[in-house]
Each structure stands twice: as C-alpha cells, then as structure tokens.
Amino acid sequence: MPICAICGEREGITRDHVPPKAIFPRPRPANLVTVPACPECNNGASDNDDLFKVFLSMQAAGNNEIATRLFQEKTVRTLERNQSLLTAIRRESTEAEVVNNQGHLETRTGVLWNSAAHDAVIERTIRGLYFHHSGSQVPNDANLSVQWLHGVPEEMLPNIHLLNEVVLGDNQVTYKYIIYENDPRHSLWLFDFYGAHWASGHTSPIYP
Ligand SMILES: [Zn+2]
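Below you will find a few notes about this structure. Source: prediction; values computed, not measured. (Residues numbered from 1 in each chain as written. Predicted model: local features only at pLDDT ≥ 70, side-chain atom pairs only at ≥ 80, totals over all residues. Heavy atoms only, no water.)

Attention now moves to the layout of surface pockets. Its volume calculated, the second largest pocket comes out at about 240 Å³. Taken together, 14 residues make up the lining of the second largest pocket; nearest its centre are P20, K21, A22, S46 and D49. Listing elements by their share of the lining of the second largest pocket, those giving two or more residues are β1 (14-17), α1 (39-43) and α2 (46-60). Among the elements that take part in the lining of the second largest pocket, α2 stands out by supplying four residues, more than any other. Looking at the lining of the second largest pocket residue by residue, the class counts come to two nonpolar, four polar and eight charged. (1 Å grid on protein atoms, 1.4 Å probe; cavity = no way out; pocket = protein on both sides within 12 Å on 5 of 7 lines; lining within 4 Å. Points joined across faces, edges and corners; volume = space filled by probe spheres on them. Helix = DSSP H or I, 4+ residues; strand = E, 2+ residues; numbered from the N terminus. Nonpolar A, V, L, I, M, F, W, Y, C, P; charged D, E, K, R; others polar.)

Next up, the structure:
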C-alpha cells in the first residue's frame, strides 16, 4: 500500500485530486492529477476546497467562460447552503473603482479571500504534485511555504524557461515547477488559476 502523498505518514488508501476537483465544473478536464491519500487528508480537506472554489470563482467569473460556469453551477449552490459564508462575504466585500482593459473606470467588487483555506489548499496541492512528479513525498527536513502573487514576479521571468509547465484542461489551471535534482528539498511552484488568480510556493531545507 502506498503512503499518503500529503502527510507521508498514513496509508494512502484513497485517491485525492491535486488541485482539488471542486474548482473544475463538469465536464472536468481529462488530465486532472490524483495521488494516494489517507482518508484523514482526503476528507479533511473538503471544507477548504469549497472555500477555495467560492473565492476563486468570484474572482475569476467573467474572466472566461469556464470560470463563469464554475460560479453559476457550483458556487451559487454552495452559498445557498451556507448562509453564514454568504453573509461573511457580503460583509467583507468592497467596491473599488478600477481602470479596465479599455481604459475606462468601472466598479468591481473586491472579495477578501479566506487566506487560511487558500494556503491550506495550495500547500496540499504542492505536496500532492511534488509526489506526482517525483515519486516521493516532500522531504521531512524541508519547509513548505505559500505566497500570494499578483502575477509572475518579474525577477523570475529570465529563468522561467527552466521550469516545467503543466496545463490542466483548457487552461483552467497552469502550473510551473522545478524540483532541484542536487537537493530535492528545494522546489519551486507557480500556479495560475483561470488567468485570474496566482499563487506560488516553495520548499527549502530546514537548517538545524
Ligand atoms: Zn495523509
């Protein structure tokens, strides 16, 4: 029995999607990634996955047709079932004037993400993809940290060709990564969700 790709401790008797399948409306892309996961890591993550889906789809709806469907077909239903989340989102949303592509001012609703749920989903996704691409869990003596991005950092652009790129579905999720061969405790991950939300993470050695 394989060991869980996420915790690296218990037996991975289920398969878990990384990134979570909640963020893809049907029909889902054919090339979604699954990894062995223990029931605790798999089932314990669904609340965060739901929150991630809600905030991502609110940010990305209108950006492309699939993100709009994600909002209409899944998020609306989640918010109907979860009135306290809906109330919290209404309370924390802010209206902002932004300049659109045509150079005109327009009012957009800014939504404050639940950052704990966001970071938990990105961390689990990195752990799963690390296993998927390397065949081993993130080493025990490596730290994993997650960063929010407003786009790909400019200082990374000269080296971006060094990263491997994977596209899930019809550009719903694109990620770039590198796991350093000479010390696999070092790895770097960049995510683009629906062309509307970016996140990154890296693993690095824990020095005593
Ligand atoms: Zn686990």
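Having put the structure on the table, let's press on.
Moving on, we get to the sheet that holds strand β7 (residues 173-179). Taken in spatial order, the five strands of this open sheet run β5-β9-β8-β7-β6, and their pairing is antiparallel. Each of the sheet's edge strands pairs with one partner strand only, and the pair in question is β5 (142-149) and β6 (164-168). Recorded for the sheet is a direction-independent mean angle of 15° between the axes of neighbouring strands. The pairing of β7 with strand β8 (residues 187-193) spans seven bridges and is antiparallel. Residue I178 lies in a different strand from β8, and its bridge partner there is L188. (Pairing = 2+ DSSP bridges. Axes fitted to C-alpha atoms, helices over the stretch in contact; angles between N-to-C directions.)

The subject of this paragraph is the coordination of the zinc ion. In this structure, C4 (SG), C7 (SG), C38 (SG) and C41 (SG) serve as the protein donors to the zinc ion, at separations of 2.3 Å. Mapping the donors of the zinc ion onto the primary sequence yields the spacing C-x2-C-x30-C-x2-C. Of this pair, C7 sits in the segment before β1 while C41 sits in helix α1, placing them 34 residues apart in sequence. For C7, a relative accessible area of 22% puts it in the partly exposed group. Given a relative accessible area of 14%, C41 falls into the buried group. (Donors = N, O, S within 2.8 Å, 3.2 Å for Na, K, Ca; no water. Buried < 20%, exposed > 50% of the residue type's maximum accessible area, 1.4 Å probe, protein only.)

What follows deals with the packing of α2 against helix α3 (residues 65-81). At a minimum axis separation of 9 Å, α2 and α3 run at an interaxial angle of 130°. By the angle between their axes, α2 is oblique relative to α3. The two elements α2 and α3 cross, and the hand of that crossing is left-handed. Note on element contacts: α3 touches α2 through A67, L70, F71, K74, T75, T78, L79 and R81, opposite D50, K53, V54, S57, M58 and A60. Its residues assigned to classes, the contact of α2 with α3 shows seven nonpolar, three polar and four charged. (Parallel < 35°, antiparallel > 145°, perpendicular 65-115°, else oblique. Left-handed = near helix turned anticlockwise from the far one by under 90°. Contact = heavy atoms within 4.5 Å.)

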